Every structure is written in C-alpha cells, then in structure tokens.
Amino acid sequence: MRSGSIPGARGRVLPITLLGDPVLHAPCEEVTEFGPELERLVEDMFATMYAARGVGLAANQVGRALRVFVYDCPDDEDERHLGHVVNPRLVSADGILLRGPEGCLSLPGLEAGVERYDEAVVEGYTVDGDRVRVPGTGFFARCLQHECDHLDGRVYVDHLSGWRRSVVRRKIAKAPWGG
Ligand code: ZN
C-alpha cells in the first residue's frame, strides 16, 4: 500500500462469505506472489471491512483462500490498531484466558462468549514483502486470534461447546442467512 493513502479508499466492496461456505472451513494458501494483485486484494478487503463496520477481515471472508487479513481495531485502552498481515503466524497467545463477546462478519447479527488469551503476537509480511510484527492486548489480541483462526479454516463457533454451542446453533438456524 502506498504510504499516505487511506486504506480501502480505492477498494471495491466485495460480498462477504457466510458460515457454511466451504472457503471459510478450509485452511487458506500461503501467498507467494507479492504485487499489484495482492495490493488490490488488501484494498478491497479494507473497503469491505469498513462498509460492513467490522474491526477485522480475513481473505476467505471475501472468497479468496489466501493467508491475508486486515484490521482496524481498538484495544481495551482504546488505542487504535490499523494494518494488514500477509502470511501471518500467531507466534504467541498468552496471558489470561478471558471469555468475552465476539462477533464475525460471516455470522451477521450474532455474538457469543468466546475464550481467548488477552495477549497475542502475530508475525508476517506487508504487501510490499517487508517483515511485520503485530503485538496486541485485550480486544485487539482477541481480534488477532480470531483472524488467524479464519485463515486456518476455523470460525469462533468452533471454539464453543455445551450450551453455548447449542444456543448459537439455534440462532444460526433462525438467522435469515442460516438454516
Ligand atoms: Zn470473523
């Protein structure tokens, strides 16, 4: 991305894939080609995330099975974190395991209490191929773990068990997009 440009300003808003779409439930491929096409995908992902009022978005949520995510997410101190990671690796998830409300653009209108660590570090690359390290705490740490999960073909529902899973499954069945 060119420095100084507003992320997503030149991007297209793409349709968001919904729970049950196979692309959300299989691991994504490593990115091997860095160039204009990747830059454009990241721009489109920002535009799509902002249009949907999300705080993070993975490439398979716009139907592309590639290991890329974007974020514009506050932490618990209200500090804003904005960026993207190509071929991210969750190198650490640590601290306290906290259950907190979590939603996902691929399960619109729903939320459930999901356990996540309150500290996380992701390492990867920018669209320019530069190495990047993204540490996060609180809600932003939750976001980093949620997005890395997407690229491994997991959604937050997969973390739920017992009554929490039953409740969310019932809500999905009743949702206009579910069933
Ligand atoms: Zn999600």
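The sections below set out a description of the structure shown in this document. (Residues numbered from 1 in each chain as written. Predicted model: local features only at pLDDT ≥ 70, side-chain atom pairs only at ≥ 80, totals over all residues. Heavy atoms only, no water.)

## A word on the pairing of strand β5 (residues 131-137)
So the rule is basically this: At least two DSSP bridges between two strands are required for those strands to pair. Going along the chain from the N terminus, every DSSP run of H or I of four or more residues is numbered as a helix, and every run of E of two or more is numbered as a strand.
Two strands pair when backbone bridges link them, and strand β4 (residues 112-125) and β5 are joined in this way by seven bridges, in the antiparallel orientation. Within β5, the residue paired with A120 across the bridge is G136.

## What about the layout of surface pockets?
Here is the rule: Points on a 1 Å grid, built from protein atoms alone, make a cavity when a 1.4 Å probe fits but cannot get out and make a pocket when they are open with protein on both sides within 12 Å along at least 5 of 7 lines; residues with an atom within 4 Å of a point are the lining residues. Grid points are joined across faces, edges and corners, and a volume is the space filled by probe spheres set on the points. When residue character is reported, Ala, Val, Leu, Ile, Met, Phe, Trp, Tyr, Cys and Pro are called nonpolar, Asp, Glu, Lys and Arg charged, and the others, Gly included, polar.
The space that makes up the largest pocket amounts to roughly 310 Å³. What lines the largest pocket is a set of 21 residues, and nearest its centre among them are V55, G103, C104, L105 and F139. Of all the elements in the fold, those that place two or more residues in the lining of the largest pocket are β3 (80-102) and α2 (138-151). Broken down by element, the lining of the largest pocket gets its largest block of residues, six residues, from α2. Taken together, E30, V31, T32, E33, F34, G35, P36, E37, L38, L41, R64 and L66 make up the lining of the second largest pocket. Classifying every residue of the lining of the second largest pocket gives six nonpolar, two polar and four charged.

## Describing the nonpolar core
This is how the line gets drawn: Definition used in this section: a nonpolar core is a set of buried Ala, Val, Leu, Ile, Met, Phe, Trp, Tyr and Cys residues joined via side-chain atoms within 4.5 Å. With a 1.4 Å probe rolled over the protein chains alone, any residue whose accessible area is under 20% of its type maximum counts as buried; one over 50% counts as exposed, and the rest are partly exposed. What makes two residues a contact is simply this: any of their non-hydrogen atoms within 4.5 Å.
Within the largest apolar cluster, 16 residues are counted, with the highest numbers of intra-cluster contacts made by M45, V68 and V70. Contributing elements (two or more residues each) for this core: α1 (36-51) and β2 (68-74). Aside from chain neighbours lying at most four places away, what touches M45 is L57, A58, A59, V62, V68, F69 and V70. Judged by nonpolar contacts, the second largest core, of 15 residues, contains F69, A141, C143 and L151.

## Some points on the environment of D149
Condition: For this analysis, a polar contact is any N or O atom pair within 3.5 Å, provided that within protein one partner can donate a hydrogen and the other can accept it, and provided that sequence-adjacent residues contribute only side-chain to side-chain pairs.
Counting through the fold element by element, D149 comes out in helix α2. D149 gets classed as buried once you look at its relative accessible area, which sits at 6%. Residues D149 and D130 lie 19 residues apart in sequence; the distance between their C-alpha atoms is 23 Å. Ignoring sequence-local partners within four residues, the contact set of D149 consists of R116, R154 and H159. Side-chain polar atoms of D149 contact the side chain of R154, separated by 2.7 Å.

Remember that the coordinates give geometry; whether it matters functionally is a separate question.
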